[in-house]
Amino acid sequence: MKTSRLIAVAFRAMSRYKLRSAFMMLGSFLGIAALTLVVSIGQAAQVKMLRTMRQIIGDSSVLVIGGGGLGNASPRTDANRITIDDIDAAVKEIPEVETWDPRQDLVTSARRGDASTTVRVIGQSERSEKVWGRTVSRGEYFDAAAVNGSSRVALIGETAARKLFGNDDPIDAEIRIGSVPFRVIGVLEPFGVDLHGMDRDNEIVVPITTLMRRLTNVDSIAAARIVIRDAEQSDNVAREIRRVLRARQRNFSIATTLQARRIFTKIRRILMLYVPLAAAIILLIGGAVSATLMLASVSERVSEIGLRRAVGARPQDIRLQFLIETTVTTLCGGIGGIILGYAGARLVATRFQLGGVFSWSAVLLGVAASTIVGLIAGIMPAKRAAELQPIDALR
Amino acid sequence: MIELQNIGKTYTRPTGETVRALDGVSLTIERGEFVAVVGASGSGKSTLMNLLGLLDRPTDGHLLFDDEDVADRTVNDLARLRNRKIGFVFQAFHLLPRTSALENVELPLIYSERESIRGRGEAALKAVNLGDRMNHTPAELSGGQQQRVAIARALVNDPDLLLADEPTGNLDAKAALEVMSIFHSLHESGRTIVLVTHDPALAKECGRVIRLEHGHVQSCIEEAS
């Protein structure tokens, strides 16, 4: 007796009893579809979240945000805003800090000839290329000399460039931000839309000193990103910075990747608990339906079982046949479910720009879960079939 | 080939009462014989058939198959023996519904230890003149054709012994004649056949008639054919 022959028998039985097989497949089909959808989307969402978080806060960095808290309501708010000097003073005391970058921005209009558009203008230091992990795709980044000298040079995002220049080359061209002329020296690499739905390519980056002196006329900064050598130290570094800035009586709040990751992990844990729970319930019901249908099938096929025994099937051959038959059926349903779940995940991913959602772990999980459901559902019917005595079955 | 020594078989009905289906049956079936088993219903024919086909074990006495006592054999040993040495033909055909004639014939091959089963099913169907009906399902075949499929199935593993339980019981006269002529040609080619029937005319065609009555062998007559 060869198991491969029994597998062929199972497939034939499946096609012979189409309606029964279809109902048996339904449970694993829907359950696995839900499971695949959640696992694929969950993974893609996590990848996207972490990437966005890394872009905002960075892998091993601390984000200091000016203002915030009750300080906003205080009449001395302006005087309490953080400055470049504040951060300089703080990081000097902390050896774990690798580098840092200040940031200030405003929304204003940019013009080139007759073309005009509203953009977010961001002031940063030459270190931002490294600190924020965003460089130029063409042209070059501004250097320390440009920051120290408050040069009127600009890096332009692709959306802003398209609005102002169409198909022309923006490099070395002149634009006006507000009323101040700037020379474009580079095009920022594309970013796309961030978590808030903001087009991060509709931006222009200029040296922060230039922005403060010529555009906003303030000496405070909106935020600073401080990169540290060891991600695990981010809580300690955050504590040190908090101490220094408090001593300087500043209003600020601090975010670390560690904190953000903790929050995200909590959200993900809830998502990963309840949806698979629902999928498990569907699978459980599907398994129960499969077991019942298979039991009915056994009593319907008593004479087939008797005949197989008469022509040489051992009890374990009969048991294996019904076990394989149940498992093959639920597995087929499960594979269908994987396809449906993946298609659904693709749809959601396209809608929310999640990127690639195909996950081998989802496929593996789907195959494993539907196989296990089939095996468990098949135990009782297979046992009952194997216990039939050939002479009773042939009567 | 098969030797029954003082065989008895007792059943317990679900109601609790016990039935003595066979009592003190001793007989021998030699290789190459064509034996008919006759008797009224309830005489123990079916019980004897189940014992000869190794589907059941005797309650007492010894049943020797190829000189070996089946009492020593496990359930799996008996399954292997049935697969290799015995072919069954039933009154109700027992073909799998919605399954082609060829697949029905190939059923015993699934459980055989043969490495290659290719071509055996086709050959068996051709031997019963159904080479042109291989892909027909039982519903598409006449009763006589269905029984011939069942005979092909019984022969596909080339068994030593063919057990037929009222094989013509569900057939019309013409189909019954066809089936009997197949049995006769199988017998002539040297196969051992045991035919259970209540038809005295069919029994007369066999080499020997064993008559059962109330679980006992009432007579064992050699026919001069």
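Residues numbered from 1 in each chain as written. Chains lettered and ligands numbered in written order. Predicted model: local features only at pLDDT ≥ 70, side-chain atom pairs only at ≥ 80, totals over all residues.

Could you clarify how one ought to interpret the overall build of chain A in this entry?
If you tally the helices and strands in chain A, you get 14 helices and ten strands. When contacts within chain A are restricted to residue pairs at least 6 apart in sequence, those whose partners lie at least 24 apart make up 83%. (Helix = DSSP H or I, 4+ residues; strand = E, 2+ residues; numbered from the N terminus. Contact = placed C-beta atoms within 7 Å.)

What is the right way to look at the overall build of chain B in this model?
Counting its regular elements, chain B contains seven helices and ten strands. Here chain B holds 225 residues, and 47% of them are scored as buried. Across chain B, the fraction of contacts at a sequence separation of at least 24, relative to all contacts at a separation of at least 6, is 68%. (Buried ≥ 20, exposed ≤ 12 C-beta atoms within 10 Å, placed from the backbone.)

Quick question: what am I supposed to make of the sheet that holds strand β3 (residues 34-38) of chain B here?
For sheets, the rule is that strands pair by backbone hydrogen bonds, running either parallel or antiparallel. All names here are of chain B. The strand order across the open sheet built from six strands is β6-β7-β8-β3-β9-β10, with neighbouring strands paired in mixed fashion. Among the strands making up the open sheet, the edge pair consists of β6 (86-89) and β10 (216-222). Mean inter-strand twist for the sheet, computed between neighbouring axes without regard to direction, equals 15 degrees. Here β3 runs beside strand β8 (residues 192-196); their pairing, made up of four bridges, is parallel. Its bridge partner being in β8, Ala36 is matched across the sheet by Leu195. Of the strands in this sheet, β6 and β7 (161-165) touch helix α5 (residues 143-155), which is tilted by about 170 degrees from β6. The sheet strands contacting helix α6 (residues 173-188) are β3, β7 and β8, and the helix crosses β8 at an angle near 150 degrees. (Pairing = 2+ DSSP bridges. Axes fitted to C-alpha atoms, helices over the stretch in contact; angles between N-to-C directions.)

Hey, could you run me through unusual backbone geometry in this one?
Glycine aside, a negative phi is what most residues show, and trans is what most peptide bonds show. One non-glycine residue with positive phi stands out, namely A:Ser150, at about 50 degrees. Within the secondary structure, A:Ser150 is located in the loop between α6 (144-148) and β5 (153-156). The backbone of B:Phe93 shows a phi angle near 65 degrees, a positive value even though the residue is not glycine. By the element assignment, B:Phe93 lies in the loop between β6 and α3 (101-110).

How do you make sense of the pairing of strand β9 (residues 208-213) of chain B when you look at a structure like this?
Every other side chain in a regular strand lies on the same face of the sheet, so the side chains alternate between the two faces. Residue and element names in this part refer to chain B. By the bridge criterion, four bridges tie β3 to β9 in an arrangement that is parallel. Bridging from a neighbouring strand, Val38 pairs with Arg211 of β9. Of the pairings in the sheet, the one linking β9 to β10 comprises six bridges and is antiparallel in character. Residue pairing in the sheet places Leu212 in a bridge with Val217 of β10. Two successive antiparallel strands, β9 and β10, enclose a turn made up of two residues, where His214 displays a positive phi of approximately 50 degrees.

Help me understand helix α9 (residues 234-247) of chain A, please; the structure alone is not making it clear to me.
Think of an α-helix as 3.6 residues a turn; residues three or four steps apart then line up on the same face. Residues and elements named next belong to chain A. Taking 1.5 Å as the rise per residue, α9 with 14 residues should run 20 Å; its terminal C-alpha atoms sit 20 Å apart, in good agreement. Of the positions making up α9, those classed as buried are Ser234, Val237, Ala238, Ile241 and Leu245. Angular distribution of buried residues about the axis of α9 spans 100 degrees; they occupy a single face of the element. Exposed and facing more than 90 degrees away from the buried side of α9 are Asp235, Arg239, Arg243, Arg246 and Ala247. Looking at the buried residues of α9, the elements they touch are β1 (61-66), α4 (84-92), β2 (97-112), β9 (223-228), β10 (252-256) and α10 (257-300). (Expected span 1.5 Å × (residues − 1). Arc of directions from axis to C-beta.)

Hey, could you run me through the sheet that holds strand β4 (residues 60-65) of chain B in this one?
Residues and elements named next belong to chain B. Read across the sheet, four strands follow the order β2-β1-β4-β5 without closing on themselves; strand pairing throughout is antiparallel. One side of each edge strand has no neighbouring strand; the edge strands of this open sheet are β2 (18-29) and β5 (68-69). Where strand β1 (residues 2-12) and β2 come together, eight bridges link them in antiparallel fashion. In the strand pairing of β2, Lys9 is matched with Leu22.

Which parts of the structure should I look at to understand helix α1 (residues 3-16) of chain A?
Residues and elements named next belong to chain A. The end-to-end C-alpha distance of α1, which contains 14 residues, comes to 20 Å, matching closely the 20 Å that a straight helix rising 1.5 Å per residue would cover. Along α1, the residues that are buried comprise Leu6, Val9 and Ala13. On an axial view of α1, the arc spanned by its buried residues comes to 50 degrees, and they lie on one face. Residues of α1 that are exposed and point over 90 degrees away from its buried face: Ser4 and Ser15.

Quick question: what am I supposed to make of the environment of A:Arg261 here?
Residues and elements named next belong to chain A. Along the polypeptide, Arg261 turns up in helix α10. You can call Arg261 partly exposed: it has 17 C-beta atoms within 10 Å. On a C-alpha basis, the gap between Arg261 and Met49 in space is 9.2 Å, while along the polypeptide they are 212 residues apart.

Looking at this model, I keep getting lost on the interface of chain A and chain B. Mind explaining?
For interface size, the figure often reported is the accessible area lost on association. In this assembly, 18 residues from chain A lie in contact with 20 residues from chain B. No other element matches helix α11 (residues 302-310) of chain A, which puts five residues into the side of chain A that touches chain B. Of the residues in the side of chain A that touches chain B, the class split is ten nonpolar, two polar and six charged. (Nonpolar A, V, L, I, M, F, W, Y, C, P; charged D, E, K, R; others polar.)

Which parts of the structure should I look at to understand the confidence of the model for chain B?
Low pLDDT means the predicted atomic positions in that stretch should not be read closely. All names here are of chain B. On average, residues of chain B carry a pLDDT of 91, and 99% of them reach 70 or more. Across chain B, element-level confidence peaks in β6 with a mean pLDDT of 95 and bottoms out in β10 with 84. Here the prediction assigns the complex a pTM of 0.69, and the interface score ipTM is 0.93. (pLDDT = per-residue confidence, 0-100.)

Please clarify how the packing of α10(A) against helix α12 (residues 315-352) of chain A should be interpreted in this entry.
The description of two helices packed together rests on the angle between their axes and the distance between the axes. All names here are of chain A. Put simply, α10 and α12 touch, their axes get as near as 11 Å, and they point 140 degrees apart. Put simply, α10 runs oblique to α12. Crossing angle aside, the handedness with which α10 passes α12 is right-handed. Each of Ser290, Met294 and Val298 in α10 lies in contact with α12, whose residues at this interface are Phe322, Thr326 and Thr330. (Parallel < 35°, antiparallel > 145°, perpendicular 65-115°, else oblique. Left-handed = near helix turned anticlockwise from the far one by under 90°.)

Could you clarify how one ought to interpret the pairing of β9(A) in this entry?
All names here are of chain A. With six of six residues buried, β9 lies mostly within the body of the structure. Burial along β9 is two-sided: Ala223, Arg225 and Val227 and Ala224, Ile226 and Ile228, pointing in opposite directions, are all buried. Bridge count between β1 and β9: five bridges; the pairing is antiparallel. When the sheet's bridge partners are listed, Val62 is paired in β9 with Ile226. Sheet topology note: the β2/β9 ladder contains six bridges and is antiparallel. Bridging across to β9, Arg103 finds its partner in Ala223.

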